[in-house]
Amino acid sequence: MELKNAVAVVTGANRGLGRQLAAQLVERGATVYAAARRPETVDLPGVTPLRLDVTDGESVRAAARAASDATLLVNNAGISTATPLMAGGLDAVRLEMETNFFGPLAVTRAFAPVIERNGGGAVLNVLSVLSWLHPAGLGSYAAAKAAAWALTDATREELAPRGITVSALHVAYMDTDMAASVPAEQKSDPAEVAAQALDGIETGLPEILADEITRQVRQGLAAPVA
């Protein structure tokens, strides 16, 4: 997909990776709706702030009406509560699934007809190495991201006849608020991850593996189960 002159909607664009994606899309010549639950927190020049709470159906529908010229959707908004599946509270588990799985599903369902009417385009889902690697302490996050991986693969097949490609960005730790407690040497620069993601969209990659840890884990999926 050509990003110059594309019209992009980036969820969770007020900070972290989403902010980098929005900024770099502007640099590549795209028109950008920078979506956030609180659009007043969006401080990027050259973007249009857009109110969007991925867990609120009416908010999602209103955003799709407002960004009626969209040709690219970036499902970046997400949360991590560090909740284990057995010992953690079910409310936190449900919140992660609502935000990290049902949220991208709702936004994609709302924007797919918009993108199709505008001649086709692309969807990028920001996932995680924990789509495939499931540590107990992050069980709810891993479960939601694994579900979002399945969502990505299924919608890729479903939307292809409508002229919409669907790509997944898988990444381990990044230098963002979500990974604030992780040592710096273990984290990727979100600017570099954003650049890889946008290159992947332009070349039509179905999966974008942003770091060595992610590439190793992905390769290991083909190994025999011990």
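Details of the structure are given in the entry above.
Keep in mind it's a predicted model, so treat the numbers as computed, not measured.

Caption draft 1: Highlighting the packing of helix 3 (residues 90-117) against helix 4 (residues 139-159). Following both chains from N to C, one finds helix 3 and helix 4 inclined at 15°, their axes separated by 8 Å at the closest point. Looking at the two axes, helix 3 sits roughly parallel to helix 4. Note that helix 3 runs across helix 4; the crossing there is right-handed. Residue-level inspection shows V93, E96, M97, N100, F101, P104, L105, T108 and A112 of helix 3 in contact with helix 4, the latter providing S140, Y141, A143, A144, K145, A147, A148, L151 and L159. Here the residues of the contact of helix 3 with helix 4 are counted per class, giving 13 nonpolar, 3 polar and 2 charged.

Caption draft 2: Examining the pairing of strand 6 (residues 164-170) more closely. Of all 7 residues making up strand 6, 6 are buried, and the element is well covered by its neighbours. The pairing of strand 5 (residues 121-126) with strand 6 spans 6 bridges and is parallel. Pairing of L124 across the sheet is with S167, part of strand 6. Since strand 5 and strand 6 lie parallel, the crossover through helix 4 that links them has a hand, and here it is right-handed. Where strand 6 and strand 7 (residues 207-209) come together, 3 bridges link them in parallel fashion. Bridging across to strand 7, L169 finds its partner in I208.

Conventions and cut-offs
- The residue numbers shown here count from 1 along each chain, following its written sequence.
- Residues qualify for local features only when their pLDDT is at least 70, as the model is predicted, and side-chain atom pairs are given and counted only at 80 or more; totals for whole chains, interfaces and linings, by contrast, use all residues.
- The side-chain values count all of the structure's non-hydrogen atoms but skip hydrogen atoms and water molecules.
- Between the N-to-C directions of two axes lies an angle of 0 to 180 degrees, each axis being a line fitted to C-alpha atoms and, for a helix, fitted only over the stretch in contact.
- The helix and strand labels rest on DSSP assignments: H or I over at least four residues marks a helix, E over at least two residues marks a strand, and numbering proceeds from the N terminus.
- Every angle not falling under 35 degrees, over 145, or within 65 to 115 is termed oblique; those three ranges are roughly parallel, roughly antiparallel and roughly perpendicular.
- Take the far helix as your reference; a near helix turned counterclockwise from it by less than a right angle gives a left-handed crossing, and one turned clockwise gives a right-handed crossing.
- We call two residues contacting when some pair of their heavy atoms lies within 4.5 Å.
- Amino acids are sorted into nonpolar (Ala, Val, Leu, Ile, Met, Phe, Trp, Tyr, Cys and Pro), charged (Asp, Glu, Lys and Arg) and polar (every other residue, Gly among them).
- Each residue is placed in one exposure class: buried if its accessible area under a 1.4 Å probe, protein chains only, is under 20% of its type's maximum, exposed if it is over 50%, and partly exposed if it falls in between.
- For two strands to pair, DSSP has to find at least two bridges joining them.
- Handedness rule for crossovers: strands pointing away from the viewer, path from the first strand over the helix to the second running clockwise, crossover right-handed.

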